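Chain residues, written in single-letter form:
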Amino acid sequence: MFTGETLPDGRTADAVYLVLHDFYREILDHALVRPLDYDYLKGLPPAAQRLYEVLSYALFAALKNRRPRARLAYSEFCRLAPLTRHVEWERARVQMAQIHAPHRKSGYLAGVEFEATTDREGRPDWTMVYEPGPKAQAEHQAFTTRGGPVVLEIEPPPAPPEPPPPAQAPPTAVEPAPTGLAAELAARGVSRAVAAELVRQFPEERLRRQIEVVDWLRETKPQRIKDLGAYLVGAIREDYAAPAGFEAKAARTTRETAERAALEREAEARQATARAQAERDQVRASWEALPPERRAALEAEALDRADPADRAAYAAATAPQVRRMLRAGLRDAHLRRLLGRPAAD
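Anyway, here's the lowdown on the structure attached to this text. Remember, predicted model here, so these are calculated numbers, not experimental data.

Definitions and limits used
- Residues numbered from 1 in each chain as written.
- Predicted model: local features only at pLDDT ≥ 70, side-chain atom pairs only at ≥ 80, totals over all residues.
- Heavy atoms only, no water.
- Helix = DSSP H or I, 4+ residues; strand = E, 2+ residues; numbered from the N terminus.
- Buried < 20%, exposed > 50% of the residue type's maximum accessible area, 1.4 Å probe, protein only.
- Contact = heavy atoms within 4.5 Å.
- Areas by Shrake-Rupley, 256 points an atom, 1.4 Å probe, with all protein chains shown as cover.
- Pairing = 2+ DSSP bridges.
- Axes fitted to C-alpha atoms, helices over the stretch in contact; angles between N-to-C directions.
- Core = buried A, V, L, I, M, F, W, Y, C linked by side-chain atoms within 4.5 Å.
- Patch = residues over 30% accessible without salt bridge, like charges linked within 9 Å, V, L, I, M, F, W, Y side chains within 5 Å.
- Salt bridge = Lys/Arg side-chain N within 4 Å of Asp/Glu carboxyl O.
- Polar contact = N/O pair within 3.5 Å; in protein donor to acceptor, adjacent residues only side chain to side chain.

Focus on the overall build of the chain
Part 1 of the reasoning: From N to C terminus, the chain includes 14 helices and three strands.
Part 2 of the reasoning: A burial count over the chain gives 28% of its 345 residues as buried.
Part 3 of the reasoning: When contacts within the chain are restricted to residue pairs at least 6 apart in sequence, long-range pairs at least 24 apart make up 56% of them.
Part 4 of the reasoning: Roughly 22,900 Å² of accessible area belongs to the chain as shown, and the carbon and sulfur atoms make up 55% of that amount.

Written as structure tokens, this is what we have:
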């Protein structure tokens with residue numbers, strides 16, 4: 001109601017007023033409620049915060065109805081958090097153990113058990129069974145004794161059973177399950193109808209690129225995406241640019257292959273150097289083990305059997321240092337032949 005207009009009680013509005021409808025009060029009266037300790041909430045890591053928000057409904061309902069435990073599907077929590085959902089038990093266990101740890105330490109949870117099951121698509125899933133701890137019981141007690149309502153509609157009433165179809169009703173056609181790219185989109189929260197539309201409208205390369213980016217974001221920045229399906233649909237339709245730090249799978253595979261090849265070449269070079277050094281050490285040890293008279297005979301033999309060009313170079317050398325170096329080279333080459341070692345590079 002704007003300034004100057006007549007308010008419902010007959011007064012003239014002296015400012016802008018918001019007049020609340022009756023059903024606004026109905027919404028407040030029937031909204032699902034549960035106790036939350038906001039100081040405790042703020043001190044938790046992000047994933048543990050989200051578990052506190054999601055699980056509090058089920059724990060409050062269990063305490064209100066005097067049930068010893070509350071239940072929450074692992075897949076449902078991953079969808080609401082959102083978190084990367086694992087289908088391998090060990091990875092799911094480690095993931096949830098980190099999220100449960102602060103709640104167990106604080107006494108909010110007294111115990112957690114996992115019951116193996118599968119989802120509607122047959123993928124591995126687990127029902128997480130929670131035993132409320134002293135902190136959860138204290139929150140429930142405080143919430144129901146400090147002026148809050150004693151009877152709360154925490155859980156919606158069960159839906160009435162659907163009436164049976166008319167006797168003459170024709171059989172309903174079963175919608176075929178999506179396949180290929182449509183199935184990949186549906187597995188990431190896109191409805192079947194929208195997934196089929198996207199597959200018809202956009203090229204495969206674009207869809208696969210955005211799927212790969214979304215999967216990377218789920219792994220590296222899970223808090224960035226609140227609704228996975230909606231984000232993926234927008235990314236495909238608007239053709240979002242890849243975020244900073246993203247590396248396509250093909251490029252990553254090429255880079256990792258090149259890095260492995262470089263490491264292998266370095267390792268081979270080190271091994272070759274080590275082998276060459278070991279052979280030089282063996283030749284040197286063999287030479288030093290010879291008595292002086294045998295050394296002189298071996299040097300004469302090496303010179304006699306040397307390649308004519310090498311022998312001529314030795315004969316032409318006049319500097320003593322050069323002659324010693326050439327003689328040592330001829331001697332080592334002769335020793336290598338005697339020891340059955342390959343010639344030095």
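Read on for the rest.
Topic: the sheet that holds strand E2 (residues 109–118)
Across a sheet, strands are paired by hydrogen bonds formed along the backbone, either parallel or antiparallel in direction.
Part 1 of the reasoning: Strands sit in the order E1-E3-E2 across an open sheet of three strands; the sheet is antiparallel. Of all strands in the sheet, those with a lone pairing partner are strand E1 (70–73) and E2, marking the two edges. Strand-to-strand twist in this sheet, taken as the mean axis angle between neighbours without regard to direction, amounts to 25°.
Part 2 of the reasoning: Taken together, the four bridges between E1 and strand E3 (residues 124–132) define a ladder with antiparallel strand orientation. In the sheet register, alanine 73 faces E3, and the bridge partner there is threonine 127.
Part 3 of the reasoning: Packing against the sheet, helix H3 (residues 46–64) makes contact with E1, E2 and E3, and its axis sits at approximately 145° to E1.
Part 4 of the reasoning: In the packing of helix H5 (residues 89–106) onto the sheet, the strands contacted are E2 and E3, and the crossing angle to E2 comes to about 160°.

What about the nonpolar core?
Taken as a class, soluble globular proteins show a tendency for nonpolar side chains to be buried jointly.
Part 1 of the reasoning: One finds Leu59, Leu72, Phe77 and Tyr130 to be the most contacted residues of the largest nonpolar core, which totals 29 residues.
Part 2 of the reasoning: Within the residue set of this core, elements represented by two or more residues are helix H2 (38–42), H3, E1, helix H4 (74–80), H5, E2 and E3.
Part 3 of the reasoning: Considering every element that reaches this core, the biggest residue donor is H3, with eight residues.
Part 4 of the reasoning: Ignoring any residue separated from it by four or fewer positions in sequence, one finds leucine 72 in contact with Leu51, Val54, Leu55, Phe77, Trp126, Thr127, Met128 and Tyr130.

Observations regarding a nonpolar patch on the surface
Part 1 of the reasoning: Residues Leu18, Leu20, Phe23, Tyr24, Ile27 and Leu28 make up a contiguous nonpolar surface patch of roughly 680 Å² in combined accessible area.
Part 2 of the reasoning: As for its placement among the helices and strands, leucine 20 is situated in the segment before helix H1 (22–30).
Part 3 of the reasoning: Exposure remark for leucine 20: the relative accessible area of 58% places this residue in the exposed category.

Examining the pattern of salt bridges
Part 1 of the reasoning: All chains considered together, the criterion is met by 26 salt bridges.
Part 2 of the reasoning: A salt bridge links arginine 123 to glutamate 121, with the shortest nitrogen-to-oxygen separation between them at 3.6 Å.
Part 3 of the reasoning: Residues participating in the shared-partner salt-bridge network are Arg85, Asp119, Glu121 and Arg123.

A word on the side chain of serine 56
Part 1 of the reasoning: Considering the arrangement of structural elements, one finds serine 56 in helix H3.
Part 2 of the reasoning: From its side chain, serine 56 meets the backbone oxygen of tyrosine 52 in a polar contact 3.1 Å long.
Part 3 of the reasoning: At 2.9 Å, the side chain of serine 56 forms a polar contact with the backbone oxygen of glutamate 53.
Part 4 of the reasoning: Each residue touching serine 56, except ones within four places of it in the same chain, is listed here: Arg34, Pro35, Leu36, Leu51 and Tyr108.

Scope: geometric values only; no functional claims are made or implied.
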